[in-house]
Amino acid sequence: MTILDETYTLSKGVKIPKLGLGTWFIDDDKAADAVRAAVQIGYRNIDTAQAYGNERGVGEGVRTSGLSREELFVSSKLAAEIKDYDQAVAAIDGSLEKLGLDSVDLMLIHSPQPWDDFRGGDYAQGNREAWRALEDAHQAGKVRSIGVSNFQQHDLENILQGAAVVPHVNQLLVHAGNTPSELLAYCESKQILVEAYSPIAHGAILKNTEVQAMAEKYGVSVPQLCIRYTLQLGTVSLPKTANPEHMRSNAEVDFEISGADMDALRGLRDVDYGEHSAFPVYSGK
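Residues numbered from 1 in each chain as written. Predicted model: local features only at pLDDT ≥ 70, side-chain atom pairs only at ≥ 80, totals over all residues. Heavy atoms only, no water.

Caption draft 1: Structural view of the pairing of strand S7 (residues 146-149). Taking every second residue as pointing to the same face, both faces of S7 are buried, with Ile-146 and Val-148 on one and Gly-147 and Ser-149 on the other. Bridge count between strand S6 (residues 106-109) and S7: 3 bridges; the pairing is parallel. Following the sheet pairing, Met-107 is matched in S7 by Ile-146. The parallel pair S6 and S7, bridged by helix H4 (residues 124-139), forms a crossover whose chirality is right-handed. Alignment of S7 against strand S8 (residues 169-173), held across 3 bridges, turns out to be parallel. Bridge assignment links Val-148 to a residue of S8, and that residue is Asn-170. For the crossover from S7 across helix H5 (residues 153-162) to S8, the handedness is right-handed. (Buried < 20%, exposed > 50% of the residue type's maximum accessible area, 1.4 Å probe, protein only. Helix = DSSP H or I, 4+ residues; strand = E, 2+ residues; numbered from the N terminus. Pairing = 2+ DSSP bridges. Right-handed = clockwise from strand over helix to strand, strands pointing away.)

What follows is the structure in structure tokens.
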């Protein structure tokens, strides 16, 4: 039994594997190969988004993986710009069509604000409308679970006011060097499972001497330490890679970080994202 066999349980008994494959920055024409390679290694959780522009390739990888559809957990995300019920309904159907699947296991609102106004204006009403569209898709069986991404506590509270379904998941930027402890605790209090994207901090963390020394102590690589850290926080970890070797080593995390070292990593502040700093989610907003 490895981490690839371990799951969390969402509401209604939907099981989500603890370690998944992130596909951001994987081109559509390379996505199917990446998904097939991951599945062969043992991954069962595949994460994409409308904004990644690779749903078609990811869907092809899922359909040609050699496994039955039920054995894979597939997530996508509603484009951040969609803040209206009808557009959201159309976009959910659009994702299923691109993926070539009858249903997805998880669909998220990608961000509480459009990317060009990230952490900006008031989109409270639009988020409630998009959420209603997700609830209806969930009710109709098109989507097995629903959630959000990049939502702060006040964004979640806005959704919860009128929600029939509490978000099952909040996918957040979580890594050693950026641990939003209060938000993690709030999500836990509402039984919202957190998924950690960029658990290796887009490679920025690789140069951190403190983290390097700790990884050495456990006899693991820095990426392995970082992935293990997010798992021990109780999150789903979604490292992104198209490289089968990296996929393999990212899953070799069957060791335990001590309480003291977890505290040290939790207290770490290191958020240099290098060339990726231009992306809204890494801009410190």
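That was the structure; now back to the text.
Caption draft 2: Structural detail: the environment of Glu-71. When you line up the elements, Glu-71 lands in the loop between helix H2 (55-63) and strand S5 (73-78). For the pair Glu-71 and Leu-21, spaced 50 residues apart in the sequence, the C-alpha separation amounts to 15 Å.

Caption draft 3: A look at the side chain of Ser-76. Along the polypeptide, Ser-76 turns up in strand S5. What makes Ser-76 buried here is its relative accessible area of 0%. Not counting residues within four places of it along the chain, the set of residues in contact with Ser-76 comprises Thr-48, Ala-49, Gln-50, Glu-55, Ser-95, Leu-106, Met-107 and Leu-108. (Contact = heavy atoms within 4.5 Å.)

Caption draft 4: Summary view of the layout of surface pockets. Put simply, the largest pocket is a space of about 670 Å³. Lining the largest pocket are 34 residues, with Trp-24, Ser-198, His-202, Lys-240 and Tyr-282 positioned closest to its centre. Sorting elements by how many residues they give to the lining of the largest pocket places helix H9 (residues 244-250) first, with 3 residues. Across the lining of the largest pocket, the residue classes break down as 17 nonpolar, 14 polar and 3 charged. Of the voids in this model, the second largest pocket is the one considered here, and its volume is about 420 Å³. What lines the second largest pocket is a set of 20 residues, among which Glu-188, Gln-191, Ile-192, Leu-193 and Val-194 lie closest to the centre. Elements represented by at least two residues in the lining of the second largest pocket include exactly strand S1 (7-9), helix H6 (181-189) and strand S9 (193-197). In terms of residue count, the dominant contributor to the lining of the second largest pocket is H6 (3 residues). Residues belonging to the lining of the second largest pocket are distributed by class as follows: 9 nonpolar, 8 polar and 3 charged. (1 Å grid on protein atoms, 1.4 Å probe; cavity = no way out; pocket = protein on both sides within 12 Å on 5 of 7 lines; lining within 4 Å. Points joined across faces, edges and corners; volume = space filled by probe spheres on them. Nonpolar A, V, L, I, M, F, W, Y, C, P; charged D, E, K, R; others polar.)

Treat this as a map of the structure, not an account of what it does.
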